[in-house]
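These are the residues of each chain, in order.
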Amino acid sequence: MISFLLLLILFGISFRQYDQQVLRLKEQRQIISGTVITKEEKEQTMMYLLRDVSFHTTSGVERAKKAILYAEDDQIMIGSRVRSLGPVQGFSSGRNEGNFDFARYYKSQEIVFSQYADQLTVTREPVLSIREWLYRIRSRMRTGIEAAAGEEDAGILCAMLLGDRSLMDEDMRSLYQRNGISHILVISGLHISLIGATVFGFLKRRLGLRYFLSPAISGVVVFLFVLMSGMSVSATRAMIMFFFYLGAQVSGRFYDTLTALLYSAVILLLCNPLAIMQTGFQLSYGAVFSISILLPVVRDLLPVPDWIRRIPRGETFFQSAQLSFSVWLGLAPLTASLFYYISPYSVLLNLIVVPCCTLLLADGLIGGLAGMVWPALAKFLIIPDHLVLKLFSLQMHGVENLPAHQFLTGHIPVWMLVVYYGVLIFYCAILRRKHNNLRKKYPPGEWLENKRRALIKRYRYLYLIPVVLLVVILANPMQKTFRVDFLDVGQGDGICIETGDGSMVMIDGGSTSEDQVGKYRIQPFLQYHKIRRVDYWIVTHTDEDHVSGLLELLESGYPVSNLVLSEVSVENETEDEMMERLIKAARQNHTAIQTVSEGAVIRDEDIQMTCLYPESKENITDKNELSQVWLLEHDGWRFLFTGDLGEEGEMLLMERNQLEDIDVLKVGHHGSNYSSSEQFLKEVSPEYAVISVGKNNRYHHPGEDALKRLDDAGARIEMTMEDGQITFYEKDGKMCLKMYCKQ
């Protein structure tokens, strides 16, 4: 209890200290200094991780624990003290619900900022750097593996063997994650047990070294391997637990996995209290905790049947299934809360993948070492790895053709996790006590087995409570309410409309400032809200900043029922390359293409959306002036979405429609001075004006004149570049406003 309170206090102090340093950080060119502790080669630059960093803040010079330095110079030794000059910047937080939070990620590693060095000076070099020596071995092994295995397989092997993901293709990494086997791509207990146990057993049994020498040497080997691989949380956790195992061997005491796990957590958190925020920490400790707590219970409830024992290696396979199921049962809700989906087939995949990993690791390490001195031999040695990785690939692609291969759960609230794990631990403790009492009371044999079966039968309904709770959590019946989300997609547009009846409408989805905006900003948001399918995706016009993300999702197979295009734009399809690509991708995705013009209506019981512009024939050639304009009406609230409409289109819109009393206006053309004319704003008289725009964009949006006109019209102006995702939602019959980055 005292240790827990101490860690809680340290976490609070570290959290506050970090936030204060970030708030006072001067994002400008300045001189920083620090000591290099690791380095990693990127595509066109070198990344150095510094510790004991001094930097300038609004209150003077301060010290930070860690910072990242990017430089072209790749000759700086680990352990060197450096001074650099260049622009300093902090890390961006997630801009929409479900988006990756870089600020949180680097905070968990106590990294305060990054700098791109224009000038770099070494002020002190180390006399001896073990880390530099290990880095060079790692680099030579990576080069050898890359030459022997080829680009694709080398990326996977380097991640598995060396903790180096720089060669791994992003699509391949995503494939492993979607199928629930990405744990093999990080250095963890499997590596430590293989290397440590092999060295320990060889020294003790084969060479007959003194009892304390074998643990000492094997411990040093494991430490050097973990240091070489980058000291990830999972590797460090496994290393500390291995040290406890060695200590138990030397002292002749019993090794308790749960005790070693808890002590390793205390040691890690004392070194870095913020590490508990890391996904790797949560999954690594969650997996071992599941093995320690759940596996004994699963083996009591589901013992190995006699007929399986009679099959060669049948008992071993069944025990592997028990282990895989225990880990899945323990991690499923946590995985869903982190990634918003789970892979139901990962239990089966791991039955094949995990045993094969022993061969991969052993053969890969030998091949990597051989590649440092004899590349031709390495190519021969790595042949089995090619076959195993090919087997993995075939299995994963095969699973992705099965129904429900990726079960979408949406965001799981923290309170659900607390309830689930609390109930699970309680039941496991009760069941283990009852089964242990039986073992103490009765000798092993048929009598004990009959008593155990009677116990399970007596409490069979109670056993179902955690299972039912798990099903409810993963089903995650999210309450559907009316809401309109203006996503922060950088310099572009992306709007999501969700009705109380569960219908989903998207308007645009693209960006010119954010790469792969569909993959990294739009799709995570949809997954967060458990949106499996978009019913209507309206394309106001086909500029890149309105459709690039939509095109990505269509090409990746994301379910979209209807693609809504304007008739006048489709007529000019042959002159519009982006329109051709959209239509082609929609047809390949089995998405219906709907062409609309002024007067078209999308309606359900909760909303009505009316297309106000353009007509099927317009004597205009400018794409922006042909943007679709839609009016959304819900329970007396009126939203007007104008795409990139300029003053010319606004005049035509006013001539043809009654636009008074607009509650929320999506400001045209990202707040350009050539949109939102004074006459138009006077006509619509918006209460809120939402501008979807990216920071420091090359178009200088929003324009000062446009902002002044909006202010003069009495509108409350909200911008995605300041607020992140902007949400209007209904609560207790009232319309409420929420800004994601100001919560």
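The structure displayed is predicted, hence computed values, not measured ones.

Analysis parameters
Residues numbered from 1 in each chain as written. Predicted model: local features only at pLDDT ≥ 70, side-chain atom pairs only at ≥ 80, totals over all residues. Heavy atoms only, no water. Helix = DSSP H or I, 4+ residues; strand = E, 2+ residues; numbered from the N terminus. Rg over C-alpha atoms; globule rule 2.2 N^0.38 Å. Buried < 20%, exposed > 50% of the residue type's maximum accessible area, 1.4 Å probe, protein only. Areas by Shrake-Rupley, 256 points an atom, 1.4 Å probe, with all protein chains shown as cover. Lys, Arg positive; Asp, Glu negative; His and termini not counted. Charge placed at Lys NZ, Arg CZ, Asp CG, Glu CD. Core = buried A, V, L, I, M, F, W, Y, C linked by side-chain atoms within 4.5 Å. Contact = heavy atoms within 4.5 Å. Pairing = 2+ DSSP bridges. Axes fitted to C-alpha atoms, helices over the stretch in contact; angles between N-to-C directions. Patch = residues over 30% accessible without salt bridge, like charges linked within 9 Å, V, L, I, M, F, W, Y side chains within 5 Å. Salt bridge = Lys/Arg side-chain N within 4 Å of Asp/Glu carboxyl O. Parallel < 35°, antiparallel > 145°, perpendicular 65-115°, else oblique. Left-handed = near helix turned anticlockwise from the far one by under 90°. Nonpolar A, V, L, I, M, F, W, Y, C, P; charged D, E, K, R; others polar. Polar contact = N/O pair within 3.5 Å; in protein donor to acceptor, adjacent residues only side chain to side chain. Expected span 1.5 Å × (residues − 1). Disulfide = S-S within 2.5 Å.

Trainee: Teacher, can you tell me more about the overall build of the protein chain here?
Mentor: Counting its secondary structure elements, the protein chain contains 26 helices and 23 strands. At 30 Å, the protein chain has a C-alpha radius of gyration in line with the 27 Å of a compact globule built from 743 residues. Seen through its C-alpha atoms, the protein chain measures out along the principal axes to roughly 95 × 70 × 55 Å. Buried residues in the protein chain amount to 50% of all 743 residues. Accessible surface, the protein chain as shown: approximately 36,100 Å² in total, 56% of it carbon and sulfur. Within the protein chain, one finds 74 positive and 84 negative side-chain charges whose respective centroids are separated by 18 Å.

Trainee: What am I meant to see in the nonpolar core here?
Mentor: When a protein is soluble and globular, its nonpolar side chains tend to lie buried together. Residues Ile 145, Ile 156, Leu 157, Tyr 176, Leu 185 and Phe 392 are the most contacted members of the largest nonpolar core, which totals 51 residues. Every element with two or more residues in this core is listed here: α3 (130-149), α4 (151-162), α5 (170-178), α6 (189-206), α7 (213-229), α8 (233-251), α13 (346-371) and α15 (383-399). Excluding residues that lie within four positions of it along the chain, Ile 156 makes contacts with Met 168, Met 172, Tyr 176, Leu 185 and Leu 389. Residues Met 504, Ile 531, Val 560 and Leu 563 belong to the second largest nonpolar core, which totals 28 residues.

Trainee: Before we go on, may I ask you to explain the sheet that holds strand β19 (residues 664-666) in this structure?
Mentor: Sheet strands line up and pair through hydrogen bonds in the backbone, either parallel or antiparallel. Across the sheet, which stays open at both edges, the seven strands sit in the order β15-β16-β17-β18-β19-β20-β21 with mixed pairing between neighbours. In the strand order of this sheet, the two ends are held by β15 (601-603) and β21 (716-719), each with one partner. Each strand axis lies, on average, 20° off the axis of its neighbour in the sheet, ignoring direction. As defined by bridge partners, strand β20 (residues 688-691) adjoins β21 across four bridges and the pair is classed as parallel. Bridge pairing links Tyr 688 to Arg 716 in β21.

Trainee: What should I look at first to understand a negative patch on the surface in this one?
Mentor: Negative charge collects at one region of the surface, where Glu 146, Glu 151, Glu 152 and Asp 169 lie side by side. By secondary structure assignment, the location of Glu 146 is in helix α3. On the accessibility criterion, Glu 146 (36% relative accessible area) is partly exposed.

Trainee: Quick question: what am I supposed to make of the pattern of salt bridges here?
Mentor: Under the definition given, this model contains 31 salt bridges. In this structure, the salt-bridge partner of Glu 97 is Lys 738, at a minimum N-O distance of 3.7 Å. Of this pair, Glu 97 sits in the loop between β4 (81-89) and α2 (102-107) while Lys 738 is found in strand β23 (residues 734-739), placing the two residues 641 residues apart along the sequence. Given a relative accessible area of 24%, Lys 738 falls into the partly exposed group. Note that Arg 656 is salt-bridged to Glu 615, the shortest N-O span being 4.0 Å. Of this pair, Arg 656 sits in helix α23 (residues 647-656) while Glu 615 sits in the loop between β16 (608-613) and β17 (629-634), placing them 41 residues apart in sequence. Here Arg 656 falls in the partly exposed class, since its relative accessible area comes to 28%. The structure contains a network of salt bridges with shared partners spanning Arg 95, Asp 488, Glu 514 and Arg 521.

Trainee: Where do I start with the environment of Pro 215 in this structure?
Mentor: The topology assignment puts Pro 215 in helix α7. Residues Pro 215 and Tyr 116, spaced 99 residues apart in sequence, show a C-alpha to C-alpha distance of 44 Å. Contacts of Pro 215, omitting those with residues within four sequence positions, involve Phe 200, Leu 246 and Val 250.

Trainee: Would you mind showing me how to read the packing of helix α10 (residues 279-301) against helix α12 (residues 314-339) here?
Mentor: Two numbers describe how α10 lies on α12: the axes approach to 8 Å, and their chain directions differ by 140°. Classified by the interaxial angle, the pair formed by α10 and α12 is oblique. Seen along the crossing, α10 lies across α12 with a hand that is right-handed. Here the residues of the contact of α10 with α12 are counted per class, giving 14 nonpolar, nine polar and one charged.

Trainee: I tried to follow the environment of Gln 491 on my own but got confused; where do I start?
Mentor: Here Gln 491 lies in the loop between β9 (483-486) and β10 (495-498). Residues Gln 491 and Asn 697 lie 206 residues apart in sequence; the distance between their C-alpha atoms is 6.7 Å. Discounting residues that sit within four places of it in the chain, Gln 491 has contacts with Gly 510, Ser 511, Thr 512, Ser 513, Asp 545, His 670, Val 693, Gly 694, Asn 697, Tyr 699 and His 701. A polar atom in the side chain of Gln 491 sits 3.3 Å from the side chain of His 701.

Trainee: Would you take a moment to explain the environment of Phe 339 for this structure?
Mentor: Here Phe 339 lies in helix α12. Measuring from C-alpha to C-alpha, the distance between Phe 339 and Gln 527 comes to 8.4 Å, with 188 residues separating the pair along the chain. When neighbours within four sequence positions are excluded, Phe 339 is seen to be in contact with Gln 177, Thr 279, Leu 283 and Gln 527.

Trainee: What is the right way to look at the packing of α8 against α10 in this model?
Mentor: When two helices pack together, you describe them by how their axes are tilted relative to each other and by the distance separating the axes. Put simply, α8 and α10 touch, their axes get as near as 8 Å, and they point 40° apart. In terms of orientation, α8 and α10 fall into the oblique class. For the pair α8 and α10, the contacting residues are Val 233, Ser 234, Arg 237 and Met 241 in the first and Gly 280, Phe 281, Ser 284, Tyr 285 and Val 288 in the second. Tallied by class, residues from the contact of α8 with α10 come to five nonpolar, three polar and one charged.

Trainee: What should I look at first to understand the side chain of Ser 290 in this one?
Mentor: Residue placement: Ser 290 occurs in helix α10. In this structure, Ser 290 is in contact with Leu 295, Ser 326, Val 327, Gly 330 and Leu 331, ignoring residues within four places of it in sequence.

Trainee: Even after reading the chapter, I still don't get helix α16 (residues 414-441), so can you show me in this structure?
Mentor: For the α-helix, the turn length of 3.6 residues means that residues three or four positions removed from each other point alike. Relative to the 40 Å expected for 28 residues at 1.5 Å per residue, α16 spans 41 Å between its end C-alpha atoms, a close match to the ideal helical length. Listed in full, the buried residues belonging to α16 are Met 416, Leu 417, Tyr 420, Leu 424, Tyr 427, Cys 428, Leu 431, His 435 and Leu 438.

Trainee: For this particular structure, what's the right way to read the state of the cysteines?
Mentor: Linking two cysteines covalently via their sulfur atoms produces the bond known as a disulfide. One pass over the full model with this rule turns up zero disulfides. Cys 356 forms no disulfide, and the closest cysteine sulfur to it belongs to Cys 357, at a distance of 7.4 Å.

Trainee: Please explain unusual backbone geometry as it appears in this structure.
Mentor: Peptide bonds are trans in most cases, and residues, glycine excluded, mostly fall at negative phi. Here the residue pair Tyr 613 and Pro 614 is connected by a cis peptide bond, since its omega of 0° sits within 30 degrees of zero. Note that Pro 614 resides in the loop between β16 and β17. In this structure, Pro 702 follows His 701 across a cis peptide bond, with omega equal to -5°. Tracing the sequence through the fold places Pro 702 in the loop between β20 and α25 (704-712).

Trainee: Help me out: how do you make sense of a nonpolar patch on the surface in this one?
Mentor: Taken together, the side chains of Phe 212, Leu 213, Ile 217, Val 221 and Val 250 present a nonpolar region at the surface, about 380 Å² in accessible area. Of all the elements, α7 adds the most residues to the nonpolar patch, at three residues. Inspection of the secondary structure puts Val 221 in helix α7. Accessibility expressed as a relative area gives 31% for Val 221, which makes it partly exposed.

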